[in-house]
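Examination of the molecular architecture
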Amino acid sequence: MVARRITVKLPQPIARPHADLLALAGFLIVAPFVGPTLTFGWRVSERLRSLLATYGVSEPRRIVAKDFVAPRARPDAGRPGLAFSGGVDSLAAAALLPEALLVHVQRARLIGGIFHPAAKSEGGRVAVEAMLSRGWGAFSCPSDLEFVRRPPGFADHMACAVPLILLADAHRLDASVYGTVAEAAYRFGTDRYVDAGSRGALTRIFDLFEAVGLPCIMPFLGVSEVGTHTVLRASGLEPLASSCSHGAAKACGVCQKCFRKSVTQAALGDPWPSSDRLDAILKDPQVREHLAAAPIRLENVFSFAMARYDGADPRLLALKRRVRGGEVDLDWMRRLIPGSLDHVPGDYRPRLEAALRNHLGEMSSQDVSAMRGWSSRSFIESPDGRLRHQTFVDEVGL
């Protein structure tokens, strides 16, 4: 661990949050660095202590606190809080839950001579301002919490929710919302399908946030990136999205994330990248490294998108051949995975299920079988996959 003191600047003075909210926020900032004993200078509920004792470790750690406190209860007539980035998935979640308070981490870039190259988050801040003008409740909270590690970054991926957790009492938050998509939850974006319900890491996260009265809502847990684009397009909020690796106020248009989002949008009806734009994209070192990987990260998204490319650019045609565009049926990516909203609290689940079924429909048993059978790694490790990969690298000049 590097920094020993961090700050989170909240939008206004608040009363001291519930002790368990403080404990969870502090823990998430430093989770990987916590040793066999974790000491709090205040009272912590018995339930949260037991969960923190086993989070992320094989041998339970010892939790020391002054005394026990009653757990934080979910407030009556509350509202959800959304860990907001300003990207496609985050904005799509906001569209489904317009009453949500949007809470954005304004990430510090330079602290104590240490530079954080990935922390530019102007796009998120601009999206916060745009959502405020449209009537959403939204805050951008500057913080240096990523500087507890080197290189800087969230020590635990749920640390993005720290400002939301700290604001939970002041704004009567009764749930925490995230834009997590199926590619991450079910793993088919990086390798092959894994049942999200069997993943202990997700269960532990759900238990932690349930214990502090902020049960998780991940509306897109069973929705692919294709589906979140579909939801966002229908909402009218798509122009606000800034899913850019560089986090600039205006998306750069040439990084690996901008490239993937642009071909996904093209598959859904937007223009395909021009030849000049492709020239710029393929000069970006990050894009070149990304496309040269085997398998490509989120290869399923590229496969879905490139199946719909009918142009003549040789580089896009080479990518289409590499990812088997049009050769494998990935239409299931348009639809909702059955049962994926079971984790959502009962007071929010029915309307989210109805909204997503209306936007996307639900997977059939045949769709589920196709999803379970998808594996980008098995393909790329086959003789045909290796040949296609090398041919693509040579044709595009990676």
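See the structure shown above.
Here the structure is a predicted model, which means the values were calculated and not measured.

We now examine the overall build of the protein chain. Check the secondary structure of the protein chain and you find 17 helices and nine strands. With the C-alpha coordinates of the protein chain rotated into their principal frame, the extents come out at 65 × 50 × 45 Å. Residues counted as buried form 53% of the 398 residues belonging to the protein chain. Restricting the contact set of the protein chain to residue pairs at least 6 apart, pairs at least 24 apart contribute 75%. A total of about 16,800 Å² of accessible surface is found on the protein chain, and carbon and sulfur atoms cover 51% of it. Between the averaged position of the 49 positive side-chain charges in the protein chain and that of its 41 negative side-chain charges there is a distance of 5 Å.

Time to look at the nonpolar core. Core analysis: the biggest nonpolar cluster contains 88 residues, and I165, F209, L214, F259, L291 and L319 have the highest contact counts within it. The leading source of residues in this core is helix α1 (residues 19-30), at eight residues. Those residues in contact with F259 that lie beyond four places of it in its chain are L278, I281, L291, F302, L316 and L319. Core analysis: the next-biggest nonpolar cluster, separate from the first, contains 34 residues, A94, A100, A138 and A175 among them.

Across all of its chains, the model carries seven aromatic pairs by this definition. Taking the centre distance of 5.5 Å and the plane angle of 80° together, the rings of F27 and Y55 count as edge-to-face. Of this pair, F27 sits in helix α1 while Y55 sits in the loop between α2 (46-54) and β2 (62-64), and the two are 28 residues apart along the sequence. As far as the burial class goes, F27 and Y55 line up, both buried. Each ring, one from F259 and one from F302, has its centre 5.9 Å from the other, and the planes form 45°; the classification is tilted. With F259 in helix α9 (residues 256-267) and F302 in helix α12 (residues 299-306), this pair connects stretches of sequence that are 43 residues apart.

What follows deals with helix α17 (residues 383-396). End to end, α17 covers 20 Å across 14 residues, agreeing with the expected 20 Å (1.5 Å per residue, within 8%). Turning to α17, its buried residues number three or more, namely G385, R388, H389, F392, V393 and V396. What you see down the axis of α17 is that its buried residues fit within an arc of 135°, all on one side. Exposed residues pointing more than 90 degrees away from the buried face of α17 are listed as P383, L387 and D394. The inward-facing, buried residues of α17 contact α11 (285-292), α13 (314-322) and α16 (376-380).

Take the sheet that holds strand β9 (residues 216-217) next. Strand order in the open sheet formed by five strands is β7-β4-β3-β8-β9, with parallel pairing between adjacent strands. Two strands bound the open sheet, and with one partner strand each, they are β7 (137-143) and β9. Pairing of strand β4 (residues 101-107) with β7, which is carried by seven bridges, proceeds in the parallel orientation. Along β7, the bridge assignment pairs L102 with A138.

Calculation rules
Residues numbered from 1 in each chain as written. Predicted model: local features only at pLDDT ≥ 70, side-chain atom pairs only at ≥ 80, totals over all residues. Heavy atoms only, no water. Helix = DSSP H or I, 4+ residues; strand = E, 2+ residues; numbered from the N terminus. Buried < 20%, exposed > 50% of the residue type's maximum accessible area, 1.4 Å probe, protein only. Contact = heavy atoms within 4.5 Å. Areas by Shrake-Rupley, 256 points an atom, 1.4 Å probe, with all protein chains shown as cover. Lys, Arg positive; Asp, Glu negative; His and termini not counted. Charge placed at Lys NZ, Arg CZ, Asp CG, Glu CD. Core = buried A, V, L, I, M, F, W, Y, C linked by side-chain atoms within 4.5 Å. Phe/Tyr/Trp six-rings, centres within 6.5 Å; stacked < 30°, edge-to-face > 60°. Expected span 1.5 Å × (residues − 1). Arc of directions from axis to C-beta. Pairing = 2+ DSSP bridges.

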